[in-house]
Structure formats: structure tokens, C-alpha cells
Amino acid sequence: MERDLSIDIMKGIGICAVIAGHTFLTSNTIHNLIYSFHMPLFFILSGYFYKRDNKIIQKMVFDGRRIIIPYILTSLFLIIFLSYRSPIPQLSLKYGLLAIIWGSGGTHTSLFFSSMPKIGPLWFLPALFWCRTIYNTIVNKCKFRYTISLCVAVIAILIDRYVISLPFCILPGLSAITFYMIGNYINKHSINKLLIILCCLCWFIQLHYFGIDMCVCMYKCYPIDILAGCFGTTLIYIIAKCISHHIIGRVISSLGKMSLTILCFHTLEFFIIDYSTFIPNAQNEVILFLSRSTICILFAYIWNKGIYVFRKFTTDFR
């Protein structure tokens, strides 16, 4: 996968799938289809463009600025707004701060801390931070990077599923190292066609019998879920390549470039907006999806355009 328009198209499709995954809840088939690729795609893409950095602390600081600062700012705005609207603001603020610290995207199955306050879709940001940080540490400190990475991912899943859910979405981030590692591997090696066929078979099996929900380390059949996620991502890549020369491809690629901002605004509208109060037939999942997508994209565009104008103004002023 070269760094071309198709990458941004993949991210654009992925962020639309994230919104769809939180909207289309009545059909197990649609749910399994979306979840089979939308989160694996982002971790695989991030791993594909991974570059080894032996300055581990400096890389953590760099990733913190790009990933954790948006997480904290969006979370703080959300809890302040919800606390202001709450009849018991102190309690709302307390739960909001716990949600930021835990970074949980859903209810876990662990013995301890399984039902902490949720931060919603934003769980992906601290998870990505830990995934990138730990993988870079493994690459720099360990000889057998792929074996160690796989072991770390499996152990993280077992701990989260059966023992304890840790703060700041650490374990979901570690469980995603497998996808991140695969992205890094694809960058350096060609893929056997028989392996692609196997991934395709696993994808069909997963759609009918298994499932994956990375925010709570839920892998019903780990090998099948991993291979299915790889094939789902491959399908999105093929689609992206096919539409990259058409106007729809350019439109979707612009969404991919705004995917982080769209995720932040999706989190805000996820908790704040009650669509049934101003949209007729908001129970219709298609209408709801179009409404949510439009709001998230519109606000993300305005925000990004505002940042661009502000930076240009400050640069010209200097």
C-alpha cells in the first residue's frame, strides 16, 4: 500500500464505519460486517507506516501530543458540558473524570473494574497510544519482535477478559498490537495468495459464527478474528483503489484526512445530541446514520478550516 489517495480513502471509509457501527444496532449481520474491519483497519494502517525510533521517550511525547492531547481536550469539554447540564454536577464531574482516566469504550468481562464509566468512541486514542508505544519498545528492546508482540497481545486479552480492566485503555491497546504488527509486516513482505484465501474463509466464518469488539478485548475466536480483520482491511483497500480515480474517492479521502477530528466530534454528539427531539423518524437507522455523519463531518470541517485560518493568520502576523 503506497502512501497515496487510497490510504486516505481507507481512513474515510473506516471513520464512516465507526459511526455506522454505533448506529446500525438491530442487525447482527451488519454489526458483524462493520466490526470485522473498522478498528483493525486503523491499527493495521498505523502499523504499516510505523518507523522504528530508538528514542522511546521522545516518541512517546510526540505521540502524546498528536493522540493524547485531542483525547484529553475532547473528554474535558464533554464532561464539563454534561456536568453543567446535570442536576447533580458534582457527581457527573466525578464520573466524567473516572471515564477520562479509564478510557473505557464499553463494559468489560473482567473480575475487577469491568463496569467503569465510559468515554465512548474516544477509547481508540489512548489504545492507539499504548499500542504504538509498546510495539516500538518491543522492536527496540527485544530480538523476536513478532513472537513477543503476539504474546503481549494474547496476555493482555486474557487479563482484560478474566482478571482486571486497567486504566487509560492499556489492555485494549496492547491487544491491538497484533494488527499493528501485521501492518508493519505487510510493509516489508509480500503476502502469499493462499494466505489471502485463508483470511477470506476466516472472514466469512467470523461473519456468521464469531465476532470482535476491540474496545473490550472481545475476540470470540482469536485466530479467526485476526485473519478476518486482515481480510476485511484488504477488501477496503481494494475498494479504495477502485474508486481512487473518481470524484467519490476524492470526497471520501477528504474524510480520511479529517478522521481524527471526526472521531472527536462523533464522541461529542454520541453523548450530547438526542436526535429524536428534532429529526422525524430518528428511529430509522439509515436516517440516523446520515444525520450523525452530516453533523460530525460538518463540525470537523469547520474546526479544521478554523485551525487553518488561525495558523495562517498568526504566520502572516509574525
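Heads up: the structure comes first, above all this text.
Criteria and cut-off values
Residues numbered from 1 in each chain as written. Predicted model: local features only at pLDDT ≥ 70, side-chain atom pairs only at ≥ 80, totals over all residues. Heavy atoms only, no water. Helix = DSSP H or I, 4+ residues; strand = E, 2+ residues; numbered from the N terminus. Rg over C-alpha atoms; globule rule 2.2 N^0.38 Å. Buried < 20%, exposed > 50% of the residue type's maximum accessible area, 1.4 Å probe, protein only. Contact = heavy atoms within 4.5 Å. Areas by Shrake-Rupley, 256 points an atom, 1.4 Å probe, with all protein chains shown as cover. Lys, Arg positive; Asp, Glu negative; His and termini not counted. Charge placed at Lys NZ, Arg CZ, Asp CG, Glu CD. Core = buried A, V, L, I, M, F, W, Y, C linked by side-chain atoms within 4.5 Å. Phe/Tyr/Trp six-rings, centres within 6.5 Å; stacked < 30°, edge-to-face > 60°. Lys NZ or Arg CZ within 6 Å of the ring centre and 35° of its normal. Axes fitted to C-alpha atoms, helices over the stretch in contact; angles between N-to-C directions. Parallel < 35°, antiparallel > 145°, perpendicular 65-115°, else oblique. Nonpolar A, V, L, I, M, F, W, Y, C, P; charged D, E, K, R; others polar. Salt bridge = Lys/Arg side-chain N within 4 Å of Asp/Glu carboxyl O. Expected span 1.5 Å × (residues − 1). Polar contact = N/O pair within 3.5 Å; in protein donor to acceptor, adjacent residues only side chain to side chain.

## Brief notes about the overall build of the protein
- Secondary structure assignment for the protein yields 14 helices and two strands.
- Here the C-alpha radius of gyration of the protein, 20 Å, is about what a compact globule of 318 residues would show, namely 20 Å.
- Structurally, the protein occupies a C-alpha span of about 55 × 50 × 50 Å along its principal axes.
- Burial statistics for the protein: of 318 residues in total, 49% are counted as buried.
- Put simply, 76% of the contacts in the protein that link residues at least 6 apart link residues at least 24 apart.
- When the accessible surface of the protein is split by element, carbon and sulfur atoms take 70% of a total near 16600 Å².
- For the protein, the distance from the average position of its 27 positive side-chain charges to the average position of its 12 negative side-chain charges is 8 Å.

## As for the nonpolar core
- By size, the foremost hydrophobic cluster in this structure holds 80 residues, and its most contacted members are Phe43, Trp123, Phe124, Phe179, Met214, Tyr219 and Ile262.
- The element that contributes the greatest number of residues to this core is helix H1 (residues 5-21), accounting for nine residues.
- Discounting residues that sit within four places of it in the chain, Phe43 has contacts with Trp123, Phe124, Ala127, Leu128, Cys131, Ala176, Phe179, Tyr180 and Met214.
- Judged by nonpolar contacts, the second largest core, of five residues, contains Tyr275, Ala282, Leu288 and Ile295.

## Comments concerning the packing of aromatic side chains
- Counted by the stated rule, this structure contains 21 aromatic pairs.
- Aromatic pair Phe129 and Trp130: ring centres 5.3 Å apart, planes at 75 degrees, arrangement edge-to-face.
- An aromatic cluster is present here, built from Phe42, Phe43, Trp123 and Phe124 joined pairwise through their rings.
- Its guanidinium or amino end placed over the ring of Tyr146, Arg145 lies 5.9 Å from that ring's centre, counting from NZ or CZ.

## Section: the packing of H1 against helix H13 (residues 259-272)
- For the pair H1 and H13, interaxial distance at closest approach is 10 Å and the crossing angle is 10 degrees. When the axes of H1 and H13 are compared, the pair comes out roughly parallel. For the pair formed by H1 and H13, the contact residues are Lys11, Ile15, Val18 and Ile19 on the first element and Ser259, Ile262, Leu263 and His266 on the second.
- Class assignment for the residues of the contact of H1 with H13 results in five nonpolar, two polar and one charged.

## Quick notes on the environment of Ser46
- Its place among the elements puts Ser46 in helix H3 (residues 38-48).
- The buried category is assigned to Ser46, whose relative accessible area is 13%.
- Taking the C-alpha atoms as reference points, Ser46 and Tyr180, separated by 134 residues in sequence, lie 6.5 Å from one another.
- Sequence-distant contacts of Ser46, defined by excluding residues within four places in its chain, comprise Leu128, Arg132 and Tyr180.

## A few points about the pattern of salt bridges
- Per the stated rule, a full pass over the model turns up three salt bridges.
- Where Lys59 meets Asp63, a salt bridge forms, and the shortest distance between an N and an O atom there is 3.6 Å. Taken as a pair, Lys59 and Asp63 lie in helix H4 (residues 56-85) at a separation of four residues, close to a single helical turn. For the pair Lys59 and Asp63, one class covers both residues: buried.
- Here Arg132 ties to Asp63 by a salt bridge, and the two come within 3.1 Å at their closest N and O atoms. In this pair, Arg132 is assigned in helix H6 (residues 124-141) and Asp63 in helix H4, connecting sequence segments 69 residues apart.
- Accessibility expressed as a relative area gives 13% for Arg132, which makes it buried.
- Judged by relative accessible area, Asp63 falls into the buried class, the value being 0%.
- In the salt-bridge network here, residues are joined through shared partners; they are Lys59, Asp63 and Arg132.

## Some points on the environment of Ala20
- Checked against the element boundaries, Ala20 lands in helix H1.
- Note: C-alpha distance between Ala20 and Val286 (266 residues apart in sequence) is 9.0 Å.
- When neighbours within four sequence positions are excluded, Ala20 is seen to be in contact with Ile34 and Phe289.

## Focus: H1
- Helix length check: H1 (17 residues) gives 24 Å between terminal C-alpha atoms against 24 Å at 1.5 Å per residue, within 8%.
- The element H1 is largely enclosed, with a buried count of 14 among its 17 residues.

## Focus on the side chain of Ser253
- With respect to the helices, strands and loops of the structure, Ser253 is situated in helix H12 (residues 247-257).
- Separated by 2.7 Å, the side chain of Ser253 and the backbone oxygen of Arg250 make a polar contact.
- Ignoring any residue separated from it by four or fewer positions in sequence, one finds Ser253 in contact with Leu5, Asp8 and Ile9.

So, to be careful, I would describe these as geometric facts and stop short of saying anything about function.
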